[in-house]
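Results of the structural survey
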Amino acid sequence: MKSGLPCVLTINGGSSSIRFAIYEAGKTPRPLLDGKIDRIGLGETNLVVTKPAVQLKVPRRYSADHRSVVGFLLDWLEAQPVFASVEAAGHRVVHGMKHSEPARVTPKLLAELHRITPYDPEHLPREISLIEALKKRHPKLQQVACFDTAFHRSMPPVAKLLPIPRRYTAKGVERYGFHGLSYSYLMEELKRLDPAAAQGRVILAHLGNGASLAAVRHAKSIDTSMGFTPTSGLVMSTRTGDLDPGLVYYLARTEHMTAAQFQRMTNHESGLLGISGTSSDVRDLCASEGADVRAAQAVELFCYQVKKWIGSFAAALGGLETLIFAAGIGENAPLIRQRICDGLGFLGVQLDRKRNARNAPLISTNGGRVKVRVIRTDEQLMIARSVARLLKIGPTQKVKP
Ligand code: ADP
């Protein structure tokens, strides 16, 4: 499909997948194309487009590494008629240090991203290579970096501090928080649904493979569960969440574990996968928990920790009026939401069983003091909106040169 309106390409590059979409930049951006390449580097790499429906196997000669997959993706995108209408591209960039807003990609910004790569070696190199590949082919195309950390720059100093010697703080070692694109989207949705509630005391629970919570007051983040890296906070599919720092020295002494091995273990072998020993996927664990005590413990720990974060954020906020569940688990798993909320009646959280069972937009009882909502998060749409706003792309607005 071709568009009469200017369009925005959005790119969200993960460790083994790249999600992409093309939005028509109308009054409310509308997706004309939406897809992903998955299993990069794992064999059987696929390009799956849901809008319009296309499924392709990425040929072997392109699928071995990220760089050649990106080349394949750009070839494919350029061959789509709608690509001719693309006036700008927006990228999800997981780490943006002090940036509190999306930023145009300039040589200065690219140099800065290269410089801060040590702060996020898991994500930044791939994200930078996507920006550079697009720049090489389309040097005139405007590009925008949308940072996952930006939403949390409003946190007060006390929520940013890490209790280690000040000499590290001076180098930028502090709590940043992540999932900011999702949180920005959820807050925009809440503002649309209930503007007064968006100014109140809100807890956002983004529960996917990566999972975190944020405490929001007056529509600004005041705290979040992830910190210096996305490994911290809540237990996740394969990440530990918060750990006793004493474990580092213990494992180094007794297991001769190196820093790189510790990094791999805490990011890729732990969490629900580590505890269950079988799966990182909550659907699998819920299916097997009746017969498998380790699977049951993994699910129990996840629900218990989310409950504790909700309790501590309610304390930080001085109360709670709105609780929002989002992402794969938050949007689709009534049983998990029920277990998290059981026992939170003292805070005014009361789920309506029927509403919860059908993943209704509002799942609290009519009499419950706290409105509990399920909102389908949309990071790609948030990127498209951010690009359109920053570059003033829209029906009556032209891209600035
Ligand atoms: P990512 O962080 O990779 O984007 P998602 O937001 O897609 O992750 O969430 C993936 C998680 O959501 C997996 O643990 C998956 O099991 C869980 N999930 C998805 N659908 C359901 C469902 N119907 N019931 C329970 N869990 C679900």
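For the structure, see preceding data.
This write-up is about the structure you can find in this document. The structure presented is a predicted model; accordingly, all values stated were derived computationally and were not measured.

This part takes up the environment of T365. Position of T365 relative to the elements: it lies in the loop between helix 16 (353-357) and strand 13 (371-374). Sequence-wise, T365 and Y176 are 189 residues apart; in three dimensions their C-alpha atoms are separated by 35 Å.

Let us now look at the site of the ligand. As a matter of local geometry, the ligand sits amid G208, N209, G210, D281, V282, R283, A327, G328, I329, N332 and A333. Here an oxygen atom of the ligand and a backbone polar atom of G328 are 2.9 Å apart. N332 is positioned such that a nitrogen or oxygen atom in its backbone is 3.3 Å from a nitrogen atom of the ligand. Burial of the ligand by the surrounding chains reaches 70%, relative to a free accessible area of 580 Å². For the shell around the ligand, the elements supplying multiple residues, two or more each, are helix 12 (282-288) and helix 14 (327-332). Among the elements that make up the shell around the ligand, the one with the highest residue count is helix 14 (four residues).

A separate point is helix 15 (residues 334-341). Inspection of helix 15 places I336, R337, Q338, I340 and C341 among the buried residues, and these make up the whole buried set. Positive phi shows up at G343, right after helix 15, with a value of about 90°.

Looking now at the packing of aromatic side chains. With the rule as written, the count across this model stands at five aromatic pairs. Here the aromatic rings of F151 and Y183 are separated by 5.9 Å at their centres, their planes lie at 40°, and the arrangement is tilted. In this pair, F151 sits in the loop between strand 8 (142-147) and helix 5 (157-160) while Y183 sits in helix 7 (residues 180-193), placing the two residues 32 residues apart along the sequence. Taking relative accessible area as the criterion, F151 reaches 14% and is therefore assigned buried. With a relative accessible area of 0%, Y183 lands in the buried category.

Looking now at the sheet that holds strand 12 (residues 322-326). In a beta sheet, neighbouring strands are held together by backbone hydrogen bonds and run either parallel or antiparallel to one another. If you trace the five strands from one edge of the open sheet to the other, you get 11-10-9-12-13, paired in mixed fashion. Among the strands making up the open sheet, the edge pair consists of strand 11 (220-224) and strand 13. When strand polarity is set aside, the average angle formed by the axes of neighbouring strands in this sheet is 25°. Two elements, strand 9 (residues 201-207) and strand 12, share five bridges in a ladder whose sense is parallel. Its bridge partner lying in strand 12, V202 is registered against T322. Running at roughly 150° to strand 12, helix 15 makes contact with strand 9, strand 12 and strand 13 of the sheet.

Cut-offs applied
- Residues numbered from 1 in each chain as written.
- Predicted model: local features only at pLDDT ≥ 70, side-chain atom pairs only at ≥ 80, totals over all residues.
- Heavy atoms only, no water.
- Helix = DSSP H or I, 4+ residues; strand = E, 2+ residues; numbered from the N terminus.
- Near = heavy atom within 4 Å.
- Polar contact = N/O pair within 3.5 Å; in protein donor to acceptor, adjacent residues only side chain to side chain.
- Areas by Shrake-Rupley, 256 points an atom, 1.4 Å probe, with all protein chains shown as cover.
- Buried < 20%, exposed > 50% of the residue type's maximum accessible area, 1.4 Å probe, protein only.
- Phe/Tyr/Trp six-rings, centres within 6.5 Å; stacked < 30°, edge-to-face > 60°.
- Pairing = 2+ DSSP bridges.
- Axes fitted to C-alpha atoms, helices over the stretch in contact; angles between N-to-C directions.
- Contact = heavy atoms within 4.5 Å.

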